[in-house]
Amino acid sequence: AEAARADGTEGLRLAQRHGDVFWEMHNRGALGILDLSLGDAESAHEHLLPLPGYLERAGIGEPGAFPYLGDDAEALVALGRIDHAEALLAWLEERGRILDRPLALATAARCRGLIAAARGDEREAASAFELSLGHHSRIAQPLDLARTLLALGRFQRRVKRRGAARETLRSARAIFDEVGAALWSSMADAELARIGGRAASPSKLAPTERRIAELVAEGRTNREVADALFVSVKTVEANL
């Protein structure tokens, strides 16, 4: 984390020195995701605050050009600034729908789930997280998929669905481990530790197990399922 912050800060300094706003925004995005990885929502928002204004001034309508709006929205939800987060998501959802960008739609739906959970609307939160997972099935973004599973698992834990939460969080941690996202693995471990108690005998499929089972039922091989879900064949075999 210290090396990442040093590099991101130096990149930001150089971009500002040369008046290169394009790379200023990307370095701000890198520092923002670092702060989220460390659980510092306030600092993440401070880094990402100028991004919406830049997108508007530059006339950028491609949500994948600067995929950090969802990070800012997530930080804002953590800070209790729900209305501000919703304003960011409106643009992300609109552009995602118009251009059919699965990552934008998956990210926006995850943030909608976080907002609904913050408002105590359990049904809406569950629906939004499920929608996000559906969009994730179309893209090769395992880290973002695991972030959605982490958010879902945290929500399940808070509404006392401990068994489901345990399985969802384990799925998130497995992906974090596989892509080497150690800070996010630690967050998943912390959520698992908060559940406590003994794991019950599983009677329902975890989200990852269910998606793998559905694809296998379609007649796909383990390799094809692994490629579709951006996991290893060993992960598919273990879930089966």
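Nothing here was measured: the structure is a model prediction, and the numbers come from that model.

Scoring rules and cut-offs
- Residues numbered from 1 in each chain as written.
- Predicted model: local features only at pLDDT ≥ 70, side-chain atom pairs only at ≥ 80, totals over all residues.
- Heavy atoms only, no water.
- 1 Å grid on protein atoms, 1.4 Å probe; cavity = no way out; pocket = protein on both sides within 12 Å on 5 of 7 lines; lining within 4 Å.
- Points joined across faces, edges and corners; volume = space filled by probe spheres on them.
- Nonpolar A, V, L, I, M, F, W, Y, C, P; charged D, E, K, R; others polar.
- Helix = DSSP H or I, 4+ residues; strand = E, 2+ residues; numbered from the N terminus.
- Salt bridge = Lys/Arg side-chain N within 4 Å of Asp/Glu carboxyl O.
- Buried < 20%, exposed > 50% of the residue type's maximum accessible area, 1.4 Å probe, protein only.

K.L.:
Residues and numbers for empty space enclosed by the protein, please.
P.N.:
A complete count under the given rule lists 1 cavity of 30 Å³ or more for this structure. Its boundaries defined by the atoms lining it, the largest cavity holds a volume of some 40 Å³. If you go around the largest cavity, the residues you meet are Leu 133, His 136, Ser 137, Leu 145, Arg 211, Leu 229 and Phe 230. Residue composition of the lining of the largest cavity, grouped by class: 4 nonpolar, 2 polar and 1 charged.

K.L.:
Describe the layout of surface pockets, listing the residues and the values that go with them.
P.N.:
Taken as a whole, the largest pocket spans an internal volume of roughly 520 Å³. Lining the largest pocket are 23 residues, with Glu 74, Ala 78, Leu 114, Arg 154 and Arg 158 positioned closest to its centre. If you list the elements that add at least two residues to the lining of the largest pocket, you get helix H5 (69–78), helix H7 (102–118), helix H8 (122–136), helix H9 (142–158) and helix H11 (182–195). A total of 6 residues in the lining of the largest pocket trace back to one element, the largest contributor, which is H9. Of the residues contributing to the lining of the largest pocket, the split by class is 14 nonpolar, 2 polar and 7 charged.

K.L.:
Quick one: what's the story with the pattern of salt bridges, residue by residue and with numbers?
P.N.:
In this structure the tally under the stated criterion is 20 salt bridges. In this structure, Arg 147 and Asp 71 form a salt bridge, with 3.0 Å as the shortest nitrogen-oxygen distance. You can see Arg 147 sitting in helix H9 and its partner Asp 71 sitting in helix H5, a full 76 residues away along the chain. Taken individually, Arg 147 and Asp 71 each receive the classification buried, so the pair is uniform in this respect. A salt bridge links Glu 191 to Arg 154; the shortest N-O distance between them is 3.0 Å. Highlighted residues: Glu 191 in helix H11 and Arg 154 in helix H9, separated in sequence by 37 residues. Each member of the salt-bridge network shares a partner with another, and the members are Asp 83, Glu 86, Glu 93, Arg 112 and Arg 119.

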